[in-house]
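What the coordinates show
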Amino acid sequence: MSSAADAAAALAAGRLVIMPTETVYGLAADAANPAAVAKLYEAKGRPSFNPLIAHVFDLTAAHAIAALDARAVALAETFWPGPLTLVAPSKGGVCDLARAGLDTVAVRAPAHPLARAVLAVFGGPVAAPSANRSGRPSPTTLADAVAETGAAAAVALDGGSSVVGLESTVISLLDGPPRLLRPGAVTRSQIEALIGPLADADADARRSPGRLARHYAPGAPLRLEATDARPDEAFIGFGAIGPGDLNLSPAGDLAEAAARLFSYLRAADARAPAAIAVAPIPRHGLGEAINDRLRRASGLVG
């Protein structure tokens, strides 16, 4: 079984690593090494204009690559390590390719103990987008990650199923008001309670990963807000609506639904349906992030 030290050595050698985080599994590369980042883009089939998140061990490491203001520090001290990404002016240390040519950098400190062990041994920022082919549902287990991009990885670490199951919340902290670029497990209300109202993504949207109009998508088209399934559809339920075998949470628990979302999209797609029908999901709290991912998977955002 590979270790954090094996993964850190592979990263230092310019190779790719499948690494668990609490959000989803990531395909990791040395964020300072443009050749390694180019391999990562190639493995994912990811458009180079889509920036990557630099994963760091802690706030001290984040200060080395990002100009963090008082708002950013307050958020990091409250929610790190955890599923929150901050977009701030770049101070260097993350290559231009990983930043998609922007003058900003997206940075977060993950909470998964194995990811933190890798970062502690490696000692530098690690670009680690989700370990799926670009546009596909993100992997929340090692098996799904290996099926997607395992051929490109020198080391693959098994950290169990992802606890959160959705990519991190992304907040832009540049000139002007803070902006919510991507909803996630750290909710709008939690953030606004700390730093005040959040503006919409606006022109800052390009500074965040996961903003393509069709993203996180299975092969079959999605039909959202469905209350029943047609004969040729797979159905993903929620609460009292939908079947038991692919119900995101029969109890109506949004955290449970978030953790299951991508694996259930994969499971439904594996049935080769004409389409995938998805029950309505409440839009409060984590529901904002779940609905964002479903809209992108269906191609309704653009």
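Just so it is clear, the structure is predicted and the values come from calculations on it, not from any experiment.

Rules and cut-offs
Residues numbered from 1 in each chain as written. Predicted model: local features only at pLDDT ≥ 70, side-chain atom pairs only at ≥ 80, totals over all residues. Heavy atoms only, no water. Helix = DSSP H or I, 4+ residues; strand = E, 2+ residues; numbered from the N terminus. Buried < 20%, exposed > 50% of the residue type's maximum accessible area, 1.4 Å probe, protein only. Salt bridge = Lys/Arg side-chain N within 4 Å of Asp/Glu carboxyl O. Core = buried A, V, L, I, M, F, W, Y, C linked by side-chain atoms within 4.5 Å. Contact = heavy atoms within 4.5 Å. Phe/Tyr/Trp six-rings, centres within 6.5 Å; stacked < 30°, edge-to-face > 60°. Lys NZ or Arg CZ within 6 Å of the ring centre and 35° of its normal. Pairing = 2+ DSSP bridges. Axes fitted to C-alpha atoms, helices over the stretch in contact; angles between N-to-C directions. Parallel < 35°, antiparallel > 145°, perpendicular 65-115°, else oblique. Left-handed = near helix turned anticlockwise from the far one by under 90°.

The phi angle of most residues is negative, glycine excepted, and most peptide bonds adopt the trans form. Omega for the peptide link from tryptophan 80 to proline 81 comes to -10°, which places this bond in the cis form. Among the structural elements, proline 81 can be located in the loop between α4 (70-79) and β4 (84-89). A positive phi angle, near 55°, is found at alanine 100, a position not held by glycine. If you trace the backbone, alanine 100 turns up in the loop between β4 and β5 (104-108). Positioned with a positive phi, alanine 272 is a non-glycine residue whose angle comes to about 55°. Among the secondary structure elements, alanine 272 is positioned in the loop between α8 (254-270) and β12 (275-278). With relative accessibility at 66%, the residue alanine 272 sits in the exposed group.

Below, the discussion takes up the pattern of salt bridges. A complete count under the given rule lists 16 salt bridges for this structure. For arginine 71, the salt bridge is made with aspartate 69, and the minimal N-O distance between the two is 2.7 Å. Given a relative accessible area of 27%, aspartate 69 falls into the partly exposed group. Of the charged contacts, one joins arginine 99 and aspartate 96 as a salt bridge, the two residues approaching to 3.9 Å between their closest N and O atoms.

What follows is about the nonpolar core. Nonpolar side chains tend to gather and get buried jointly when the protein is soluble and globular. Residues Leu75, Trp80, Leu84, Leu86 and Ile171 are the most contacted members of the largest nonpolar core, which totals 46 residues. Counting only elements with at least two residues in this core, the list comes to β2 (26-30), α2 (34-44), α3 (59-65), α4, β4, β5, α6 (142-149) and α7 (188-195). Leaving out residues up to four positions away in the same chain, leucine 86 has contacts with Ala72, Leu75, Ala76, Trp80, Val105, Ala106, Val107, Ile171 and Leu173. Counting residues in each nonpolar core, the second largest holds 29 residues, with Ile236, Tyr264, Ala289 and Ala297 among its members.

We now examine the packing of aromatic side chains. Per the stated rule, a full pass over the model turns up zero aromatic pairs. It is arginine 116 that lies over the ring of phenylalanine 57; its NZ or CZ is 4.1 Å from the centre.

What follows concerns the pairing of β5. For β5, the tally of buried residues reaches five of five residues, placing the bulk of the element in the interior. Both faces of β5 are covered, namely the face carrying Thr104, Ala106 and Arg108 and the face carrying Val105 and Val107. Note that strand β3 (residues 53-55) and β5 share three bridges and pair parallel. Paired with isoleucine 53 across the two strands is alanine 106, which belongs to β5. Sheet topology note: the β4/β5 ladder contains four bridges and is antiparallel. Within β5, the residue paired with alanine 88 across the bridge is valine 105.

Attention now moves to the packing of α4 against α7. Where α4 meets α7, the closest approach of the two axes is 10 Å, and the angle between their N-to-C directions is 125°. Classified by the angle their axes make, α4 and α7 are oblique. Judged by the sense of rotation from one axis to the other, the crossing of α4 with α7 is right-handed. From α4, Arg71, Ala74, Leu75, Thr78 and Phe79 reach across to α7, where they touch Gln190, Ile191, Leu194 and Ile195.

What follows is about the sheet that holds strand β8 (residues 169-172). Pairing between the strands of a sheet is mediated by backbone hydrogen bonds and can be parallel or antiparallel. Spatially, the nine strands line up as an open sheet ordered β7-β1-β2-β6-β3-β5-β4-β8-β9, and their pairing is mixed. Either end of the sheet is taken by a strand with one partner, and the two such strands are β7 (155-156) and β9 (179-182). By the bridge criterion, three bridges tie strand β1 (residues 17-19) to β2 in an arrangement that is antiparallel. Counted as the bridge partner of valine 17 is alanine 28 from β2. Across the sheet, α2 lies against β2 and β6 (126-127), angled at about 160° from β2, the strand it touches most.

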